[in-house]
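A closer look at the structure
Chain by chain, the residues run as shown.
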Amino acid sequence: MYLDNAATTYPKPDSVYERVLHTMREVGGSPGRGGHRRSLEGGRLLFQAREAVADFFAISDSSRVLFTHNATEALNVALHGVLVPGDHVITTSMEHNSLLRPLNSLAATGVEVTIVPAAANGVVSVEDIRRALRPQTRMIAVSHVSNVCGAIQPLAELAEVSRAAGTFFLVDGAQSAGYLPLDVTRLGIDLLAVPGHKGLLGPVGTGFLYVAPSVSLRPLLQGGTGTNSTELNQPLVMPDGFEAGTHNLPGIVGLQAGLDFILNRGITALHDHKQALLCQAQQALSRIPGVTIHGPADPAERCAVLSFSVAGVDGSRLATELDQDYDIAVRAGLHCAPLAHGTLGTFPAGTLRISPGWSTTGEEIAFFSDAVVQCLAKF
Ligand SMILES: Cc1ncc(COP(=O)(O)O)c(C=O)c1O
């Protein structure tokens, strides 16, 4: 039983596997890297996938969707591509290391970083973010949903603060894309970093960064783009200049199949299904003596994951028992977000995290909570 969909979703819908295999077997060519049939077909598929991503997130110009290999790369392109020494960035204590570490490395070059602590339930105060603004603030960078406790941040209000202050608004959509509807245009998001392999149900090795027309970006990588080949300078045309090197076309086509699957089932129906499973798990776990559930008490204020700890019990040991004796995959530890545990009061032990997927059933959640009880009885 796989309850670690927040790391990467498994299984993928059959159509994802089929499209990946079909692209590898039957298409084969590298998009934009030749005039032959296979390269042209690859280019057509790449364009279609870019358009599908743009439609899904209400992005009006698909050329501003830059394919990456995961959310980490998208965040690095956004942060290193925009910030310069002297800039000030506001972020939160709930962030993943894929945002905190590039920021920390930029801080060594003279970028100033303010980390606003969230409340003990993981939700960030809009007022605290507003108070952290300075004249040099260039960017507000937040994750939409915490990968540790599932807290949903007040994105629309934060976007409003950013717009009023004239700063760029960078959203890490790693745990919300495919879970919650995200309308980039309506919210006024300037930069959106998304993995393709989590809630969007695509293969690993996929992701993207959306860059609003107001943002001018420096490319992180230089290399072949299949365009402007006489120029030794990296072209700055979007998307080519920011996608140097051969694309992961099978993965990107598989990502489009993931989007199609979500559109067919309905993002709300899928969300409701996973929320019901999380509520079921929460109710069952909270009946177990010593269990603390972390994050907002109201299930409507969180999604994607449920984190808990058991007094006096080593979470890693419990996760190992669940894996070895019951074949249940959960995640224990810090989930690559150390500061979030300071906020939630779970540092340094971390938490146990479950994250059901589109194919998880209520029977599986019942089996999981029974297995927790049985494991604890043995400790
Ligand atoms: C909130 C958050 N941001 C960023 C990432 C990094 O995503 P990726 O593994 O696609 O680089 C993760 C991964 O778990 C995450 O949960």
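Provided above is the structure to which this section pertains.
Note that this is a predicted model, so its numbers are computed, not measured.

1. Notes on the pairing of strand β11 (residues 351-354)
On any regular strand, side chains alternate: one points to one face of the sheet, the next to the other face. Alternating positions in β11 separate into two faces, T351 and R353 on one and L352 and I354 on the other, with burial throughout. In the sheet, strand β10 (residues 331-333) pairs with β11 via three bridges, with the strands oriented antiparallel. Along β11, the bridge assignment pairs G333 with T351.

2. Brief notes about the pattern of salt bridges
One pass over the full model with this rule turns up 10 salt bridges. The partner of E160 in a salt bridge is R163, and the shortest N-O contact between them spans 2.5 Å. Residue E160 and its partner R163 are located together in helix α6 (residues 155-165), separated by three residues, close to a single helical turn. Take E160: its relative accessible area is 41%, and that puts it in the partly exposed class. The salt bridge involving D325 is made with K378; its shortest N-O contact spans 2.9 Å. A residue pair is termed long-range when its members are at least 10 positions apart, and D325 in helix α10 (residues 315-326) and K378 in helix α12 (residues 362-378) qualify at 53 residues. Residue D325 is classed as partly exposed on the basis of its relative accessible area, which comes to 47%.

3. Remarks on the sheet that holds strand β7 (residues 207-211)
Backbone hydrogen bonds hold the strands of a sheet together, and the pairing may be parallel or antiparallel. An order of β1-β7-β6-β5-β4-β2-β3 is seen for the seven strands of this open sheet, with the pairing classed as mixed. Whereas interior strands pair on both sides, the edge strands pair on one side only; in this sheet they are β1 (65-68) and β3 (112-116). The mean inter-strand angle of the sheet, taken between neighbouring strand axes irrespective of direction, is 20 degrees. Across three bridges, the pairing between strand β5 (residues 168-172) and strand β6 (residues 191-195) is parallel. By the bridge assignment for β6, D172 is matched with A193.

4. A look at unusual backbone geometry
Note that the residue after M238, namely P239, is joined by a cis bond; omega there is 0 degrees. Structurally, the position occupied by P239 is in the loop between β7 and α8 (249-265). Cis geometry is adopted by the peptide bond preceding P348, which originates at F347 and carries an omega value of 5 degrees. Considering the arrangement of structural elements, one finds P348 in the loop between α11 (338-344) and β11. Positive phi, close to 70 degrees, is recorded for L201, a residue that is not glycine. Looking at the element boundaries, L201 is found in the loop between β6 and β7. Unlike most non-glycine residues, A304 shows phi in positive territory, near 75 degrees. Within the secondary structure layout, A304 lies in the loop between β8 (291-294) and β9 (306-310). On the basis of relative accessible area, A304 is assigned to the buried category, the value being 3%.

5. Focus: the site of the ligand
Lining the immediate surroundings of the ligand are 13 residues, of which T72, D172, Q175, H197 and K198 lie closest. Between a nitrogen atom of the ligand and a side-chain N or O atom of D172, the distance comes to 2.6 Å. Here an oxygen atom of the ligand and a side-chain polar atom of H197 are 2.7 Å apart. The residue makeup of the shell around the ligand, split by class, is four nonpolar, seven polar and two charged.

Conventions adopted
Residues numbered from 1 in each chain as written. Predicted model: local features only at pLDDT ≥ 70, side-chain atom pairs only at ≥ 80, totals over all residues. Heavy atoms only, no water. Buried < 20%, exposed > 50% of the residue type's maximum accessible area, 1.4 Å probe, protein only. Helix = DSSP H or I, 4+ residues; strand = E, 2+ residues; numbered from the N terminus. Pairing = 2+ DSSP bridges. Salt bridge = Lys/Arg side-chain N within 4 Å of Asp/Glu carboxyl O. Axes fitted to C-alpha atoms, helices over the stretch in contact; angles between N-to-C directions. Near = heavy atom within 4 Å. Polar contact = N/O pair within 3.5 Å; in protein donor to acceptor, adjacent residues only side chain to side chain. Nonpolar A, V, L, I, M, F, W, Y, C, P; charged D, E, K, R; others polar.

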